[in-house]
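Next come the chains, spelled out residue by residue.
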Amino acid sequence: MVLVIGCKNKLNSEKTTETKQYEEPISELPLNRLKLLNGFKIEVYADKVDGARSMAMGNNGTLFVGTRNDKTVYAIQDRDQDYKADRIIVLDSTLEVPNGIAFRNGSLYVAEVNRLLRYDNIEEELENPSEPTVVYDDYPTEFHHGWKYIAFGPDDKLYVPVGAPCNICDSTVSDQRYASITRMDPDGSNREIYAHGVRNTVGFTWHPETQEMWFTDNGRDMMGDDIPPCELNRITEQGQHFGYPFCHGGTIKDPEFGDQRPCEDFVPPVQAMGAHTAPLGVKFYTGEMFPKKYKNQAFIAEHGSWNRSKKVGYKISLVELEDNKAVSYTTFLEGWLDHESQEQFGRPVDILFLEDGSMLISDDYGDAIYRVTYERTIASNQ
């Protein structure tokens, strides 16, 4: 693996490059601890990707990766197409919580806390990218839930959430944008609120058939180990309200704000997930590699709890759907957390599917990108 580190001087835009050589990504992470279903296999696609969070794929096969605490956006290449990274480039290491990234028409969009940047013609300028264009710079500056996940929808709008600046509060009293999902045109114009009552979503996608938006939402803290649940939600029309801060999980009245509005006023989740599991990335499977039963089903990266008395999450879950209703919520891949010792070696963040149908998973604790593949076996259920 080749790691190319670029350092920008913000005053004169000069850039120097340092190159470091690595072996192929042979990680010391204990992958043997990971538990997969029959026929599935997991390997390290890229390592030494400090704080790997959101992922987006370029037109020419470049994997772009954002971070939350490392101020860095990476470009990862697999030039010999053996499904293992052989080149990593640091595009910028001076950004403010650049968690969210998206790719459109040759340009990389990066979300900082209060603004959106666009790097044009990026795959042709990986080693010396031009200064980014500021697309929009009028989002709140609070760091509490200020990191953003972004993506372009089927309508070619850029969707950008604004998390609540607290654990629990009615922040919309001061600014309607809090606890919402917004959207805008690619040039930053026509920004509007698309959904309300969303505490902190760090992952969303669109159903491949209905084109409806689905998103995960992290439930509030300090109500105990087992309530309220985190959520998987579906948006059927603009302007819907999903309950925060008044109601959680569709049925649980908030002890501070629940008397103001009943739970019946809000859209309940499609699936109530484990409390404090911190579901982040969500993607529907549309490839051909996995068995047919996974087609159009929702895979979710559960980042894992931080303040529960006994940790939960730290896995990839599967929500199976029929007619837009959840019929099961099960574990697809686990083992990053040792339940006995309560020690973890990884925390999954985002999911992305490659053209061959394999699954990439980012891990901001193990600093890695994994690839999950499937090989048909006689015992497998097609």
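These figures come from a predicted structure and were not determined experimentally.

K.L.:
Describe the sheet that holds strand β25 (residues 315-322), naming the residues involved and giving the relevant values.
P.N.:
Across the sheet, five strands lie side by side as β3-β26-β25-β24-β23; this open sheet has antiparallel pairing. Both edges of this open sheet fall to β3 (35-36) and β23 (279-284), since each of them pairs with a single strand only. Across four bridges, β23 lies against strand β24 (residues 298-302) in antiparallel orientation. In the sheet register, Pro-279 faces β24, and the bridge partner there is Glu-302.

K.L.:
Could you give an account of the pattern of salt bridges, with specific residues and numbers?
P.N.:
If you walk through the whole model with that rule in mind, you get 22 salt bridges. As a salt-bridge pair, Asp-47 and Lys-48 come within 3.4 Å of each other at their nearest N and O atoms. The shortest N-O distance in the salt bridge between Arg-261 and Asp-265 comes to 3.4 Å. The class for Arg-261 is partly exposed, based on a relative accessible area of 31%. Judged by relative accessible area, Asp-265 falls into the partly exposed class, the value being 42%.

K.L.:
So, the pairing of strand β8 (residues 87-92): which residues are in play, and what are the values?
P.N.:
With respect to burial, β8 is a largely interior element, six of its six residues being buried. Where strand β7 (residues 73-77) meets β8, five bridges bridge the pair, whose relative direction is antiparallel. The residue of β8 that forms the bridge with Tyr-74 is Val-90.

K.L.:
Residues and numbers for the side chain of His-303, please.
P.N.:
Considering the arrangement of structural elements, one finds His-303 in the loop between β24 and β25. Once residues within four sequence positions are removed from consideration, His-303 is found in contact with Arg-53, Thr-277, Ala-278, Leu-280, Tyr-314, Arg-347, Pro-348, Val-349 and Asp-364.

K.L.:
Could you give me a rundown of the state of the cysteines, with the residues and numbers involved?
P.N.:
Under the counting rule described, the total for this entry stands at two disulfides. Across a sulfur-sulfur distance of 1.9 Å, Cys-166 and Cys-169 are joined as a disulfide pair. Measuring handedness by torsion sign, the sulfur bridge of Cys-166 and Cys-169 sits at about -80° and is left-handed. A residue is classified by how much of its surface remains accessible, and Cys-166, at 12% relative accessible area, is buried. The side chain of Cys-247 participates in a disulfide bridge whose partner is Cys-263; the two sulfur atoms lie 2.1 Å from each other. On the S-S bond that ties Cys-247 to Cys-263, the torsion sits near 105°, and the link is right-handed.

K.L.:
Outline the packing of aromatic side chains, supporting the account with residue identities and numerical values.
P.N.:
Applying the stated rule across the entire model yields 26 aromatic pairs. Measuring from ring centre to ring centre gives 5.0 Å for Phe-215 and Phe-242, while their planes differ by 85°; the resulting arrangement is edge-to-face. Taken together, the residues span a long stretch of sequence, with Phe-215 in strand β18 (residues 213-217) and Phe-242 in the loop between β19 (230-235) and β20 (247-248) at a distance of 27 residues. Comparing Phe-215 with Phe-242 shows no difference in burial state: the two are buried. Taken together, a centroid distance of 6.4 Å and an interplanar angle of 75° make the contact between Tyr-285 and Phe-299 edge-to-face. Highlighted residues: Tyr-285 in the loop between β23 and β24 and Phe-299 in strand β24, separated in sequence by 14 residues. Like Phe-299, Tyr-285 is buried. Put simply, the rings of Phe-40, Tyr-285, Phe-290, Tyr-294, Phe-299, Phe-332, Phe-353 and Tyr-374 touch in pairs and so form one group of aromatic residues. Taking NZ or CZ as reference, Arg-104 lies 5.8 Å from the ring centre of Phe-152, over its face. Lying over the aromatic face of Tyr-83, Arg-371 brings its terminal NZ or CZ to 3.8 Å of the ring centre.

K.L.:
With reference to specific residues and values, describe the environment of Asp-350.
P.N.:
With respect to the secondary-structure elements, Asp-350 resides in strand β29 (residues 348-353). Relative accessible area serves as the criterion here: at 1%, Asp-350 is assigned to the buried category.

K.L.:
Lay out the confidence of the model for the chain in plain terms, naming residues and giving numbers.
P.N.:
Residue-level pLDDT values for the chain average 93, and 92% of them are 70 or greater. The lowest-confidence element of the chain is strand β2 (residues 15-21), averaging 42 in pLDDT; the highest-confidence one is β24, averaging 99. Considering only residues more than four positions removed or in separate chains, one finds that residues 7-21, a stretch of pLDDT under 50, has 39 contacts. Note on residues 378-382: pLDDT under 50 across the span, and 10 contacts to partners over four residues away in sequence or across chains.

About the cut-offs
- Residue positions are given per chain, counting from 1 as you read along its sequence in written order.
- Whole-chain, interface and lining totals are the exception, using all residues; otherwise, since this is a predicted model, local features are given only for residues with pLDDT of at least 70 and side-chain atom pairs are given and counted only at 80 or more.
- Side-chain metrics in this entry use all non-hydrogen atoms of the structure; hydrogen atoms and water are not considered.
- When DSSP finds at least two bridges between two strands, those strands are taken to pair.
- Strands here mean DSSP runs of E at least two residues long; helices mean DSSP runs of H or I at least four residues long; both are numbered from the N terminus.
- Take a side-chain nitrogen of Lys or Arg and a carboxyl oxygen of Asp or Glu: if they are within 4 Å of each other, that pair is a salt bridge.
- Only protein chains enter the accessibility calculation, which uses a 1.4 Å probe; a residue whose area is less than 20% of its type maximum is buried, one above 50% is exposed, and one in between is partly exposed.
- Here, two residues are considered to be in contact whenever any of their heavy atoms come within 4.5 Å of each other.
- Criterion for a disulfide: a pair of cysteine sulfur atoms at a distance within 2.5 Å.
- Classification of ring pairs uses Phe, Tyr and Trp, with its six-membered ring standing for Trp, and accepts pairs whose centres are within 6.5 Å; under 30 degrees between planes counts as stacked, over 60 as edge-to-face, and the remaining range as tilted.
- Two conditions define a charge located above a ring, namely a distance within 6 Å from the ring centre to NZ of Lys or CZ of Arg, and an angle within 35 degrees of the ring normal.
- pLDDT runs from 0 to 100 and stands for how confident the predictor is about each residue.

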